[in-house]
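# What the coordinates show
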Amino acid sequence: MTIKTKGQKALTLPLNQILDGDCIQRMNALPANSIDLIFADPPYNLQLRGELHRPDNSKVDAVDNDWDQFDSFARYDRFTRDWLKAAQRLLKPNGAIWVIGSYHNVFRMGAELQNQGFWILNDVVWRKANPMPNFRGKRLTNAHETLIWASKSEGAKYTFNYEALKALNEGVQMRSDWMLPICTGHERLKDEDGNKAHPTQKPESLLHRILLGTTNPGDVVLDPFFGTGTTGAVAKMLGRDYIGIEREESYRKVAEKRLSKVRKFDREALEVTQSKRAEPRVAFGVLVERGMLRPGEELWSMNGRHKARVRADGTLIGGDIKGSIHQVGAHLEGAPSCNGWTYWQFRRDGKKVPIDLLRQQIRAEMAANT
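Scope of this entry: the structure provided in the associated data block. (Residues numbered from 1 in each chain as written. Predicted model: local features only at pLDDT ≥ 70, side-chain atom pairs only at ≥ 80, totals over all residues. Heavy atoms only, no water.)

### Concerning helix 6 (residues 230-237)
- Among the 8 residues in helix 6, 7 count as buried, and that is most of the element.
- For helix 6, the set of buried residues is T230, T231, G232, A233, V234, A235 and M237.
- Against strand 4 (35-40), helix 5 (204-214), strand 9 (220-223), strand 10 (241-245), helix 7 (249-260) and helix 8 (267-270) lie the buried residues of helix 6.
- Backbone geometry just downstream of helix 6 places G239 in the positive-phi region, at approximately 75 degrees. (Buried < 20%, exposed > 50% of the residue type's maximum accessible area, 1.4 Å probe, protein only. Helix = DSSP H or I, 4+ residues; strand = E, 2+ residues; numbered from the N terminus. Contact = heavy atoms within 4.5 Å.)

### A short note on the side chain of Q88
- When you line up the elements, Q88 lands in helix 2 (residues 73-90).
- Residue class for Q88 comes out buried when judged on its relative accessible area of 17%.
- At 3.4 Å, the side chain of Q88 and the backbone oxygen of Q116 are in polar contact.
- Apart from residues no more than four positions distant in its own chain, Q88 is found in contact with Q116, G117, F118 and K152. (Polar contact = N/O pair within 3.5 Å; in protein donor to acceptor, adjacent residues only side chain to side chain.)

### With respect to the pattern of salt bridges
- Under the criterion given, the structure shown has 16 salt bridges.
- R290 is paired through a salt bridge with E365; the nearest N and O atoms lie 2.7 Å apart. Of this pair, R290 sits in the loop between helix 9 (284-289) and strand 11 (298-301) while E365 is found in helix 12 (residues 356-368), placing the two residues 75 residues apart along the sequence.
- Taking the relative accessible area as the measure of exposure, R290 reaches 44% and is therefore partly exposed.
- On the accessibility criterion, E365 (30% relative accessible area) is partly exposed.
- Across the pair E297 and R348 runs a salt bridge whose closest N-O atoms are separated by 2.6 Å. Of this pair, E297 sits in the loop between helix 9 and strand 11 while R348 is found in strand 15 (residues 344-348), placing the two residues 51 residues apart along the sequence.
- Through salt bridges with shared partners, a single network forms among E298, K307 and R309. (Salt bridge = Lys/Arg side-chain N within 4 Å of Asp/Glu carboxyl O.)

This is how it looks when you write it as structure tokens:
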């Protein structure tokens, strides 16, 4: 993908590639306003002190890698500030960011997100169905991680596939607490010696929910802490483009091997349930213009208590009120608002039919002609 910027030469996005090196330097080299979504799983700065053992005295494989070690909170805060500043520059005006962390770092990231001008939309608690127990018995078991979802700025538009997430949740509005298992079994990637390829590999189910709900096919997703490529794998399956940044060669090799085996879902499988607000707008007056409803024809409320007459200009008159299908319905019900499309019905062959069926008929014709 080539990005053209005013007064500058065209820059090409390295789509579906893993870039090596420092994430901040790499992000600063990419064109501004070019990314739809960033998913960031940065070092947590776990501040571990000494080795951890199970009751049988076996050693716990904890995160003690150099990339998770910072000399002080001040140094970690500078690192967080710099990569979030780079992220702010990269996002499109309608772009968004997800960050994930534990109690060690997520509050520091949340504050810096606000300092950088991001607007927090939700925090999500990922409740782990199978968390590692607290072997020392001195604290509560750490059974969750926290994600923060933020738009680029206050008032900015952003992608939210509400109906798709609702469908994913058996028709119930998606909540902000997600019960998902940690990465185990066949999904857990191993290195050549049979050990974990990465200590904090995220499950594909987590990224599936994020990308399905907050991106669309063809969007560009950046993961500046790519690891073994979970973000890229899910993005590829869902028809999104990805850019990964990873400085550790061992992780890049595992990710490249993993991504080479991933296949994109077919086009029909990638379609998701759309919000009604995303469908083409149809004015009630169009139904009158096309003769689907006639001036003077009576409409009835769904509860049967009220009626109104259609006027030639696509408004209604009901009792002492004149106005749109929404205004008249709200007035008759004594309500602050009303969705006229689902409130009013007309009669055909002795049966009451919702006017929304006529709107859907017009939308189907519009879709067939595009």
